There are 4 protein chains.
Amino acid sequence: MLVVMNHDATDAQIEAVTAQIEAMGYSARPMPGKQRTTVGVVGNDGRVDEGRLQGMPGVRELIAVTRPYKQVSREWCADDTVVRLSNGTEIGGVELAIMAGPCAVEGEAEILEIAHQLRAMGATILRGGAFKPRSSPYSFQGLGVEGLIMLARARDETGMAIVTEALDPEGLDLVAEYADVIQIGARNMQNYPLLRRAGRSGKPILLKRGMAATITELLLAAEYILAEGNPNVILCERGVRSFDSHTRNLLDLTAIPVVQSLSHLPIIADPSHGTGVRAKVIPMARAAVAAGAHGLMIEVHQDPPNALSDGVQSLYPEQFAELMGQIGVIAEAIGRDLVRPLPGPVVSGT
Amino acid sequence: MLVVMNHDATDAQIEAVTAQIEAMGYSARPMPGKQRTTVGVVGNDGRVDEGRLQGMPGVRELIAVTRPYKQVSREWCADDTVVRLSNGTEIGGVELAIMAGPCAVEGEAEILEIAHQLRAMGATILRGGAFKPRSSPYSFQGLGVEGLIMLARARDETGMAIVTEALDPEGLDLVAEYADVIQIGARNMQNYPLLRRAGRSGKPILLKRGMAATITELLLAAEYILAEGNPNVILCERGVRSFDSHTRNLLDLTAIPVVQSLSHLPIIADPSHGTGVRAKVIPMARAAVAAGAHGLMIEVHQDPPNALSDGVQSLYPEQFAELMGQIGVIAEAIGRDLVRPLPGPVVSGT
Amino acid sequence: MLVVMNHDATDAQIEAVTAQIEAMGYSARPMPGKQRTTVGVVGNDGRVDEGRLQGMPGVRELIAVTRPYKQVSREWCADDTVVRLSNGTEIGGVELAIMAGPCAVEGEAEILEIAHQLRAMGATILRGGAFKPRSSPYSFQGLGVEGLIMLARARDETGMAIVTEALDPEGLDLVAEYADVIQIGARNMQNYPLLRRAGRSGKPILLKRGMAATITELLLAAEYILAEGNPNVILCERGVRSFDSHTRNLLDLTAIPVVQSLSHLPIIADPSHGTGVRAKVIPMARAAVAAGAHGLMIEVHQDPPNALSDGVQSLYPEQFAELMGQIGVIAEAIGRDLVRPLPGPVVSGT
Amino acid sequence: MLVVMNHDATDAQIEAVTAQIEAMGYSARPMPGKQRTTVGVVGNDGRVDEGRLQGMPGVRELIAVTRPYKQVSREWCADDTVVRLSNGTEIGGVELAIMAGPCAVEGEAEILEIAHQLRAMGATILRGGAFKPRSSPYSFQGLGVEGLIMLARARDETGMAIVTEALDPEGLDLVAEYADVIQIGARNMQNYPLLRRAGRSGKPILLKRGMAATITELLLAAEYILAEGNPNVILCERGVRSFDSHTRNLLDLTAIPVVQSLSHLPIIADPSHGTGVRAKVIPMARAAVAAGAHGLMIEVHQDPPNALSDGVQSLYPEQFAELMGQIGVIAEAIGRDLVRPLPGPVVSGT
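Contacts between the two partners involve 32 residues from chain D, matched on the other side by 32 residues from chain C. When contributions to the side of chain D that touches chain C are tallied by element, the ones reaching two or more residues are α8 (255–262), α10 (278–291) and α11 (317–333) of chain D. The element that contributes the greatest number of residues to the side of chain D that touches chain C is α10(D), accounting for 9 residues. For the side of chain D that touches chain C, the class distribution of residues is 20 nonpolar, 8 polar and 4 charged.

Attention now moves to the environment of A255(C). Residues and elements named next belong to chain C. Positionally, A255 belongs in helix α8 (residues 255–262). A tally of 29 C-beta atoms within 10 Å means that A255 is categorised as buried. The residues contacting A255, other than those within four sequence positions of it, are I215 and E237.

Another aspect to go through is the relation of the copies chain D and chain C. Of the transformation placing chain D onto chain C, the axial shift is 0.0 Å and the rotation is 180°, giving an RMSD of 0.1 Å. When the rotation and shift are considered jointly, the pair of chain copies conforms to a two-fold rotation axis. Among all C-alpha atoms of chain D, that of A287(D) lies closest to the rotation axis, at 2.0 Å. In this assembly, 100% of the residues forming the interface of chain D have copies in chain C that are likewise at the interface, indicating an isologous arrangement.

Our next topic: the sheet that holds strand β4 (residues 59–63) of chain A. All names here are of chain A. Strand order in the open sheet formed by 4 strands is β2-β3-β1-β4, with antiparallel pairing between adjacent strands. The two strands at the open ends of the sheet, each matched to only one other strand, are β2 (27–32) and β4. Each adjacent strand pair in this sheet contributes to an overall mean axis angle of 20°, direction not counted.

All names here are of chain C. Along the chain, R134 falls in the loop between β8 (125–127) and α4 (145–158). C-alpha separation for the pair R134 and H294, spaced 160 residues apart in sequence, amounts to 28 Å. Excluding anything up to four places from it in sequence, R134 contacts S139 and Q141.

This next bit is on the sheet that holds strand β1 (residues 2–5) of chain C. Residues and elements named next belong to chain C. Strand order in the open sheet formed by 4 strands is β2-β3-β1-β4, and the pairing between neighbours is antiparallel. Edge positions in the sheet fall to β2 (27–32) and β4 (59–63), since each of these pairs with one other strand and no more. With direction set aside, neighbouring strand axes in the sheet form an average angle of 20°. Sheet topology places β1 next to strand β3 (residues 37–42); 3 bridges connect them, and they run antiparallel. Within the sheet, the bridge partner assigned to L2 lies in β3 and is G40.

Rules used throughout
- Residues numbered from 1 in each chain as written.
- Chains lettered and ligands numbered in written order.
- Predicted model: local features only at pLDDT ≥ 70, side-chain atom pairs only at ≥ 80, totals over all residues.
- Contact = placed C-beta atoms within 7 Å.
- Helix = DSSP H or I, 4+ residues; strand = E, 2+ residues; numbered from the N terminus.
- Nonpolar A, V, L, I, M, F, W, Y, C, P; charged D, E, K, R; others polar.
- Buried ≥ 20, exposed ≤ 12 C-beta atoms within 10 Å, placed from the backbone.
- Least-squares fit on C-alpha atoms with pLDDT ≥ 70 in both.
- Pairing = 2+ DSSP bridges.
- Axes fitted to C-alpha atoms, helices over the stretch in contact; angles between N-to-C directions.

Below is the structure:
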């Protein structure tokens, strides 16, 4: 529930409402706005006794939040959330945010080389896994903290922001020291201790949709992060399980406008995992932009056939350049700005 | 299997190959090309004894068709099939083909009015169901032959081509008398007697993907039509069954580039059925074009809240106009031409 | 809606109610019962004006049918429907009905041999396809009417009832001349002209659940048959589409108790198509019986590796005998009778 | 790969093989058997150079493991794994293991009462969540360590073994102090740090299949546990995501025989989560036993309508008693023993 205060409500009135909510056994979230303050009520699984709030001084109206999720809902916040990174990239606004890079960090020279290339092509966020969740315990599991250090080096050299995955609560604190955006992968979408720790980190979180998660479940997972006080959540559609084996997953692009109508959080698409087939990444990346995605996450590798993981779905750098050209025009066609490259000359780092 | 003849193979040599194929118990399909003639072998479920064809005079090479479908495959025909309608619309070429109209024909005045509007906005093919497959036997089942007559009237007045559905083999012959394109609906994708009759009709066929059909099954269904000698098949992605209830179906746009790599047949998208929600039709129509669809099928109704069927997913005419503006720019961005409106002034029919 | 008459309502009162319903534009279905007559109202897609029926002489109460399907619902008929075949087999009662036989009829000697074996093992209904719906137009499509004649011969020799599939409305009339039960296959579950013709045939119909049909859709498909006046419908769970490739389909056994709570129609299971793997047929057949199925349909072939279709999922006769032993005990455990073999000595026919 | 030693291979020969495997960069797992010792090779993602092992003294043969998983495969171990609990219950042998109890531990009196009832009815393992993974952050999350203490009290009083869920690596160590079997829930099936910690705990692990996990993925998840040296893994089928809303999940009973053919690990079924509907739990529990499950996990609550979670799918104690009667007979029918109740009188604890 939301308690909307009058535009001239006093601080004391707002505090009284907050105290009353807490006396009722819930948590209160005062949200000052331009026109007026709204106080959110969370922690109520079912019905709230409205009578005790209805008549209080300064209260303008009570708004029920009809969805199982609250703070992530459009009812709670009508304006789009824009997540701002330290290098100036915004996710959720008019511009498209482009995250690109290899599936896994494989070595320092490799990650620096691809970072410089991607930055020059217009990407502003570098992806690369240091901790890799792999179906088999015998597959390459990532370089770990060494990989994080290499990513930090790439950030220093290129000015790109870094997004990389955390696999468990302890590891998340470590990742938070190096990354600008912490990724929670599809397999961990309902790993609640990890979501809570992500909420407490305060860092921007990229939350990927689970393999067969409904949109309601995705939004409830995001609610775990917001419930800990972290509003900087970026959702990511990356394909759901289906019955056809021509692609690795079924990229559900309709999730983009559906999420945008239900929630104020930004949503991007990952057509690399969403298709699992290099030749389908470009058309589906274009389609995601046309469907209204706030950004893209794309796997790019200098030498896909020899990548340590996901080579079959990684673009060659030239293909990424071609893609960037096409999506710029599509973005414009639907009233978004072109992707703005990072300012200043690219510093040569090698 | 394909038997590729030398560029200077004589008619007698081609006939001898054809005769040999038939002597082996298969059917032969001679396909004269610019450079040389190719003879396709169909009717073989498994292996063909190549030795009896390999050494024959004039034979250049034998090409195995590795897919379960043959005549619809890229191996059988490398060039895109372009289906040409009598009003000049082409499906499968550079231009986008736009099919629009109400779910069902509801009356003559209504269909004529919407046809004139749609034609003026750039659609060149009018959709409208006369025979409606409905989940419940107690729902409106369409106007039947009266509906077909109304569609023909709309064609005469506007110059638009007509696409409408046939539900059974006998009905197909009736529909063929009135329609330019005969639709086989998702529920009938594996109705083989209907597919065979569609093949024998010689008319362009719009074949919709079944509710949970794999792409291989879709292409095998098309093969039934081509196997009867009708190459004019247009495939249509219209959403598959999924586990999320926010949309009626899950529109599988990756099917578009997947089909285009496996087959030479054109493929369009139906975001109206693919989403089942009016507000999601425009973004997904844009996405389908960006993914490379050869066209769109869109439900449009003058008064969606009072439509006899599918009102909840039908666009208002103004929304359709807005959509046409957006997809023109996207089409251009990916190297397709804008949709070309029908030539000449719109004849006023009412 | 159902109009329940008083136990002493006169024929004239019932006729008056019937006339009133038809004057309102609906169809009336008077159903005389032991205690009282009920008149069903069909043809109403939405709301019925109750006021015009409420006060009529002899009317006891009006019962709304809350499901989209009506005549198939438990609300319409509380007692289980029992379908009785001419050889005495009942489907829907206490006994398990066992349908067994090859996927396709392959020759007279073969079908007679397997029929005698199956009958001796306790099956009372012989399955075998004469018209086969095949994904590829180049696969074996069945022996057609020759196959029907062979099935009739097997019935004459063994006393077994015959179940075989019809693919189109015209073919259905032909099948009806030979078969005791007409099968509508999964691919045709929503082939409405075929369902209507099945309804008009008056014959028992075995309606298989579609590849990705919801249970509501299955019951609505059955409603098409009952709406034509044919109450003898047997439903069949045969697996739905899923994402795991270890089995051909995912056998949804929960559909059995779900259907039994929603509908009075009998439901059997087909673990042969439901799994597509011979070694899984026996455990899943047992499981289907334990879940409460009214019967089973099992593919059995003398020589599965050389079967013309579905050999990989066909049991060897010895395996079928083993299965029959196991399910008898399970049936007893849940309060059903053992399967009763056909009376009298088996007539030797070869 | 498996290196099978001769029956008279010496310890020195076995050690030499082990050393050679490790010199090649892999891990060696010597497994002494009745007839001979086998040494497993793990850590190899792809091919092993057989030449270096082939000729070594005492080596009888090399067996390739063709599946992506190794130690969980039938090829690695032909005999069924039997997991033995301290109270004498065996899972994976001839007897059915019955786990029953409330979804969540709600209070000491409640858990003791239901434990005594369940024990008297024949269950030997008590389930109850202390840490609950809930879709919404505002739902009841379990009593935590207090719940664990109550479960331990119930074990002391009844002699039942305890199974309860762990949600994160740290929590797993805590759960391991109290539980006999540690549950890894469906949402955490691919939470690899949690699986590794479970492997290192040495405790029996109940691993539930993920919401849309393939059977290969389930077995690979189990491989993570075995790879840490813990062979005591019990798999659990609990329903997968589907498109029909009549049940919460689609219980995939075919997974039982499929897993049994691919792996030596025991597999049980959870029809409570698998259906989500009380009235469907009994038929599906029977079906699971008939399909060959090694046991069942059933939610039972004294007062389901007032349960703090999952009340709608919890059985009443009387229903559980009825179920126990039915499955005993079915177990016998398929050659399994009846469930053996815990020995000795039930100690009254309240």
